[in-house]
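# Geometric and topological summary
Residue strings, one per chain:
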Amino acid sequence: MPSPGENLRINSARLWDSLMQMAQVGPGIAGGNNRQTVTDADAEGRALFKSWCDAAGLTMGLDRMGNMFMCRAGTDPEALPVYIGSHLDTQPTGGKYDGVLGVLGGLEVIRTLNDRGIRTKHPVVVTNWTNEEGARFAPAMLASGVFAGIHSLDYAYARKDPECKSFGAELARIGWVGDEEVGARKMQAYFELHIEQGPILEAEKKTIGVVTHCQGLWWLEFTLTGKEAHTGSTPMGMRVNAGLAMARIIEMVQEVAMAAQPDAVGGVGQVNFSPNSRNVLPGTVIFTVDIRSPDQAKLDGMRAEIERRAAAICDDLKVGCAVEAVGHFDPVTFTPELVGRVRAAAEKLGYAHRDIISGAGHDACWTAKVAPTTMVMCPCVDGLSHNEAEEISPEWAAAGADVLLHAVLETAVVVD
Ligand code: HGY
Ligand code: MN
Ligand code: MN
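Presented here is a report on the structure given in the accompanying data block. Since the model is a prediction, treat every value here as computed from it, not as a measurement. (Residues numbered from 1 in each chain as written. Chains lettered and ligands numbered in written order. Predicted model: local features only at pLDDT ≥ 70, side-chain atom pairs only at ≥ 80, totals over all residues. Heavy atoms only, no water.)

Glancing now at the packing of helix H1 (residues 12-22) against helix H3 (residues 100-116). Interaxial distance between H1 and H3 falls to 10 Å at its minimum, and their mutual angle equals 140°. Taken together, the axes of H1 and H3 lie oblique to each other. As H1 packs across H3, the resulting crossing turns out to be right-handed. Together, Arg14, Leu15, Ser18, Leu19 and Met22 of H1 and Val100, Leu101, Leu104, Gly105, Glu108, Arg111, Thr112 and Asp115 of H3 make up the contact between the two elements. Its residues assigned to classes, the contact of H1 with H3 comprises 6 nonpolar, 3 polar and 4 charged. (Axes fitted to C-alpha atoms, helices over the stretch in contact; angles between N-to-C directions. Helix = DSSP H or I, 4+ residues; strand = E, 2+ residues; numbered from the N terminus. Parallel < 35°, antiparallel > 145°, perpendicular 65-115°, else oblique. Left-handed = near helix turned anticlockwise from the far one by under 90°. Contact = heavy atoms within 4.5 Å. Nonpolar A, V, L, I, M, F, W, Y, C, P; charged D, E, K, R; others polar.)

Here it is in structure tokens:
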């Protein structure tokens, strides 16, 4: 069967309507979303997504990490399914499209195949991965990491949120624990549509990012131990100041990342002081350093330098220093054959495109360990993401889903 022509497009209005409906679930305080993993809002979003999948005639598989696999049958029951996936969980002050575009873009591919009565040899499965963000329970991409054999189920279930609730107990509480063994499924291929979350595509007026790689990441959790004391009556020379040590380490991380340019980033997004009282010097300071680079040697070199210099800073201030890697993945190279199908689809459909390295991590980073994998990206306004003001255009969303549709059909093989 010849490849579908360039006039085969998804239904842009329907996709945009689904995105806007999902955006009503777990609203934020500034127009975005707070639909954190395994909260009641996450459960509500899952139920809405499942209702749409039921209406599209899909059958659900659910594994013990709550990963949702919504399956459209193929003509050959022996053929491995082609997966499309991303995530419905958001940051606490997240946008409406990060992850959601990939899941609902996958559903729109299914809806379009149903509209046109297109049958494929391989089944097509739309996936919602649990806890991609790692905001409430570190690390990021927790459930796809268990699926790929990176983490054990026990490790994942034991992860704690800031209120000391465990991931496993919270997943059970919202009623989304499945009985499928995590990782038992085999994939013909995996595609993920995602907003760029950076400024390149918009700045270069490219509608599609052909994602060739994803940069690697370390999350280094520092626990600094100072001495709780009165901020007023304790002389400067007597202080064991963990807050000062943290400030010097954050400044140093900036220095290390700037010295590693181009293609390196480093920063801190989460800090916890204890007792966090305005007139008590902190006894304990816990914060996570997030460093990334597409270059393996540069990434690991930054980690070594930061740990070495942080120890020296703490020694100088007589502050205790412990560090634990709470998140990591090496730089990822996506499957060239699938990358080529994304590029060919963008060309066939007439969308301006360019190759790009993903700055953010995605579930695709872990599926790449177990199956041929690649990604499709569309721009986002001002490159802004992980911010409630995250915005895309309906045209960008439709273009990404169109390219996803054609690349998936090239892989799932149209029968008629
Ligand atoms: O951290 C990341 O890159 C992703 O948003 N979880
Ligand atoms: Mn995401
Ligand atoms: Mn994200």
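Moving on from the model shown.
Once that is clear, we can look at the site of ligand 1. Around ligand 1 sit Glu132, Glu133, Ala140, Arg292, Ala360, Gly361 and His386, and that is every residue in its neighbourhood. A distance of 3.2 Å separates an oxygen atom of ligand 1 from a polar side-chain atom of His386. (Near = heavy atom within 4 Å. Polar contact = N/O pair within 3.5 Å; in protein donor to acceptor, adjacent residues only side chain to side chain.)

Now for the coordination of the manganese ion (ligand 3). Ideal coordination angles are 109.5 degrees for a metal with four donors arranged tetrahedrally and 90 or 180 degrees for a metal with six donors arranged octahedrally. Donor atoms from the polypeptide that bind the manganese ion (ligand 3) are Asp98 (OD), Glu133 (OE), Glu133 (OE) and His386 (NE2), placed at 2.2 to 2.5 Å. In the primary sequence, the donor residues of the manganese ion (ligand 3) line up as D-x34-E-x252-H. In this structure the manganese ion (ligand 2) is found 3.5 Å away from the manganese ion (ligand 3), and Asp98 serves as a bridging donor for the pair. Of the two residues, Asp98 sits in the loop between strand S3 (82-86) and H3 while His386 sits in the loop between strand S15 (373-378) and helix H12 (394-412), which places them 288 residues apart along the sequence. (Donors = N, O, S within 2.8 Å, 3.2 Å for Na, K, Ca; no water.)

Time to look at the packing of aromatic side chains. Tallied over the full model, the rule gives 10 aromatic pairs. With centroids separated by 5.4 Å and ring planes inclined at 10°, the aromatic side chains of Phe222 and Phe287 adopt a geometry described as stacked. Note that Phe222 is positioned in strand S7 (residues 216-225) and Phe287 in strand S11 (residues 284-293), a separation of 65 residues in sequence. Considered together, Phe222 and Phe287 belong to a single accessibility category, that of buried residues. With a centroid separation of 5.9 Å and 75° between ring planes, the pair formed by Phe329 and Trp366 is classed as edge-to-face. Residue Phe329 is located in strand S12 (residues 320-329), and its partner Trp366 is located in helix H11 (residues 363-367); the two are separated by 37 residues in the primary sequence. For the pair Phe329 and Trp366, a shared accessibility class is recorded, and that class is buried. Across from the ring centre of Trp218, 4.1 Å away, lies the NZ or CZ of Arg303, which sits over that ring. (Phe/Tyr/Trp six-rings, centres within 6.5 Å; stacked < 30°, edge-to-face > 60°. Buried < 20%, exposed > 50% of the residue type's maximum accessible area, 1.4 Å probe, protein only. Lys NZ or Arg CZ within 6 Å of the ring centre and 35° of its normal.)

Another point: helix H9 (residues 296-317). A rise of 1.5 Å per residue sets the reference length of H9, with its 22 residues, at 32 Å; its end C-alpha atoms lie 32 Å apart and thus fit the reference within 8%. Looking at H9, one finds that the buried residues are Leu299, Met302, Ile306, Ala310, Ile313, Cys314 and Leu317. Each buried residue of H9 sits inside an arc of 90° when the element is viewed along its axis, so together they form one side. Facing away from the buried side of H9 by over 90 degrees, the exposed positions are Ala297, Arg308, Asp315 and Asp316. Buried residues along H9 sit against S7, helix H8 (242-259), strand S9 (265-274), S11 and S12. By the N-cap criterion, in which a side-chain oxygen at the helix start approaches the backbone nitrogen of a residue two or three places on, H9 is capped by Asp295, the distance to Ala297 being 2.9 Å. Downstream of H9 by a residue or two, Lys318 has a phi angle that is positive, lying close to 60°. (Expected span 1.5 Å × (residues − 1). Arc of directions from axis to C-beta.)

Attention now moves to the pairing of S15. Counting buried residues along S15, 6 of its 6 residues qualify, which places the element largely inside the surrounding structure. Here S15 shows no split at all, with Thr373, Met375 and Met377 on one side and Thr374, Val376 and Cys378 on the other all buried. Sheet topology places strand S6 (residues 208-214) next to S15; 3 bridges connect them, and they run antiparallel. Within the sheet, the bridge partner assigned to Gly209 lies in S15 and is Met377. (Pairing = 2+ DSSP bridges.)

This paragraph deals with the coordination of the manganese ion (ligand 2). The protein atoms that coordinate the manganese ion (ligand 2) are His87 (NE2), Asp98 (OD) and His194 (NE2), at distances of 2.1 to 2.3 Å. Read in sequence order, the donor residues coordinating the manganese ion (ligand 2) give the pattern H-x10-D-x95-H.

Turning our attention to the side chain of Ser18. Looking at the secondary structure, you find Ser18 in helix H1. A polar contact is formed between the side chain of Ser18 and the side chain of Arg111, at a distance of 2.8 Å. Look past the residues within four positions of Ser18 in its chain and what remains in contact with it is Trp52, Leu104 and Arg111.

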